[in-house]
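Report on the structure
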Amino acid sequence: MLTRRDMLKTAAGAGLFTIVPGCVVNSATAPSNQLTRALIGFGCIAHSANHLPFKGSRLIGLCDPYEARVQHGLDCAAKSGWGKIKAYKNFMELLADKDVDIVHICTPPHWHGCMSVMAANAGKDIWCEKPMTRTVGEGKRVMEVVKAKKRMFRLNTWFRFQGNFYGFGTTVEPIRQIVENGLLGKGPIKCTFGAGQGFSWKFGWSGRVNAKPQPIPKGFDWDMWLGPAPWKPYTDHRAGTSFRGYWDYDSGGLGDMAQHYLDPLQYLLCKDETSPVKVAYKGPRQHPEAVGRFDRLTLTYADGMTVDLDGDETLKEEPLLRGANGLCVYKKAPGGKTLRIKDANGFWSEEKVLKTLAELPKPAPQQTDFIDSCKNRKTFALNESNGFRSCTMFNLGIAAERLGRGFNFDPDTLHAVNDPAADRFLYQSMRGPWKKEMWG
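Since we're looking at a predicted model, the values are computed, not measured. Each chain carries its own residue numbering, running from 1 in the direction its sequence is written. Note on the predicted model: pLDDT of at least 70 is required for a residue's local features to be given, and 80 or more for side-chain atom pairs to be given and counted; whole-chain, interface and lining totals, by contrast, use all residues. With hydrogens and water set aside, each side-chain value is computed from the structure's full complement of heavy atoms.

Right, let's get into the packing of helix α6 (residues 136–148) against helix α13 (residues 384–403). Axes here mean lines fitted to C-alpha atoms, for a helix over just the part in contact, with angles spanning 0 to 180 degrees between N-to-C directions. Secondary structure counts use DSSP, requiring at least four H or I residues in a row for a helix and at least two E residues in a row for a strand, with both numbered from the N terminus. Where α6 contacts α13, the axes come no closer than 9 Å and their chain directions differ by 175°. Classified by the angle their axes make, α6 and α13 are roughly antiparallel. Judged by residue contacts, V136, G139, K140, M143, V146 and K147 of α6 engage E384, S385, F388, T392, N395 and L396 from α13. Just so you know the grouping, Ala, Val, Leu, Ile, Met, Phe, Trp, Tyr, Cys and Pro go in nonpolar, Asp, Glu, Lys and Arg go in charged, and all remaining residues, Gly too, go in polar. Split by residue class, the contact of α6 with α13 holds 5 nonpolar, 4 polar and 3 charged. These descriptions rest on fixed angle ranges, namely under 35 degrees for roughly parallel, over 145 for roughly antiparallel, 65 to 115 for roughly perpendicular, and the rest for oblique. Residues are treated as being in contact if the distance between any of their heavy atoms lies within 4.5 Å.

So, in structure tokens, the structure goes:
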């Protein structure tokens, strides 16, 4: 099989790759001077607003291991106003195309790490779907290579800088104001995160155990779809949107939703520069192949701050945040204008909450335009570094789920502390030849 290394060596020798997009040199907005992009993977997520229909840059191509999805993608691109775009045989051909500035990684998560590294090595900027990676080791490697190659990286979740924070009913900004300005006291904050606070863990994702192999659909490159994951016989359930129910490709509700939930949480807790030092697990023993549910995951930071991921809803009456001084932060009430705050005397009036927030300094501005990031080489609000840290939060939880117990973690070395069994889940191997592409 022709490897990415072979293709890129030829391309580099011909002088095809440029680190700075052409539009940086010429700021005109004619199509020939717009940033260009291509989609890797054309399943359901590729249709979302930030991928196929996104108008901030020019879509010029796509690829997918299933020929039927490629044709569907070409038809959808034409209907979206992109005209006739390129269909690449595989993503390595896409990475070798000098005309592509940005790659959108719209694949299942088991590909995110490897493709991000390969794209950075190919001189591309990267717009990657969530979760960033399946393991701490993959995330660490993506962060290292993206920085070394001076690429721009965006993770495709946005609640730290825009939109209402799922079931909480407000943006993240006022919650960050409260934490950043010390309203919750000087001691550790307790955070509780689950259905009672407005966030569903979507436990419906689960793999099928002992499913019988099925014929591979015509035109579907199953080996390419599996990529760095262990080889398994084809079944419709593995390859459909239900892939999230298998540890090989994702991690159920945590993989589906945790980066959406925990990245803004990490930001509002002012923890972008570090990771928990301990994770505890409560729940049923997991099947080695099919994802199950959890009852409780508790992440503890060096300063004593805790984050409880409430799976069994026994903490549904808890506030989102409980400060060291007893002040509590709750989601917005139905019909309310903002979040609720409660102290020892009861809930504050809405007027008092709004007045308090109006008087607090606001968080620092964020860089929220990824195309501007690519043109002017300005780090995006959710990038390879803070995205890695928020991904690490739930990747620690995933490792604890699979172990059936908790463990300690060093946020500097990024390894489990004296726990090789935990480290095996944090630093999983990959199937060749992708292992070499990932780790060099």
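Another aspect to go through is the pattern of salt bridges. By convention in these notes, a salt bridge is any Lys or Arg side-chain nitrogen within 4 Å of a carboxyl oxygen on Asp or Glu. As enumerated under the stated definition, the model contains 30 salt bridges in all. For D256, the salt bridge goes to K202, with nearest N and O atoms at 3.5 Å. Here D256, found in helix α10 (residues 252–268), pairs with K202, found in the loop between β7 (190–194) and α8 (222–226); they are 54 residues apart in sequence, far enough to count as distant. Given a relative accessible area of 6%, D256 falls into the buried group. Each residue is assigned to one of three classes by its accessible area relative to the maximum for its type, calculated with a 1.4 Å probe on protein chains only: buried under 20%, partly exposed between the two thresholds, exposed over 50%. Given a relative accessible area of 38%, K202 falls into the partly exposed group. Through salt bridges with shared partners, a single ionic network connects K130, K202, R244, D250 and D256.

What marks off one domain from the next here is an automatic or database domain assignment. Domain parsing of the chain yields domain 1 (4–155) and domain 2 (166–205 + 248–363 + 384–439). Distance from the C-alpha centre of domain 1 to the C-alpha centre of domain 2: 30 Å. Buried area between domain 1 and domain 2, both sides added, is near 2,700 Å², and the carbon and sulfur share of it is 63%. On the domain 1 side of the interface with domain 2, the three residues burying the most area are K130, R134 and V136, jointly 25% of the side's total. At the boundary of domain 1 and domain 2, one finds 2 salt bridges. Note that K130 is salt-bridged to D256, the shortest N-O span being 3.1 Å. Counted as a polar contact is a pair of N or O atoms within 3.5 Å, where, for protein atoms, one must be capable of donating a hydrogen and the other of accepting one, and residues adjacent in sequence contribute only when both atoms are in side chains. Along the contact surface separating domain 1 from domain 2 lie 11 residue pairs in polar contact (both at pLDDT 80 or more). Sorting the residues of the side of domain 1 that touches domain 2 by element identifies α1 (4–13), α4 (91–95), α5 (112–121), α6 and β6 (153–155) as the ones contributing at least two each. The element that contributes the greatest number of residues to the side of domain 1 that touches domain 2 is α6, accounting for 10 residues. Each residue belonging to the side of domain 1 that touches domain 2 can be placed in one class, and the counts come to 15 nonpolar, 6 polar and 8 charged. Summed over both partners, the accessible surface that disappears when two parts come together, traced with a 1.4 Å probe, is what is meant by buried area.

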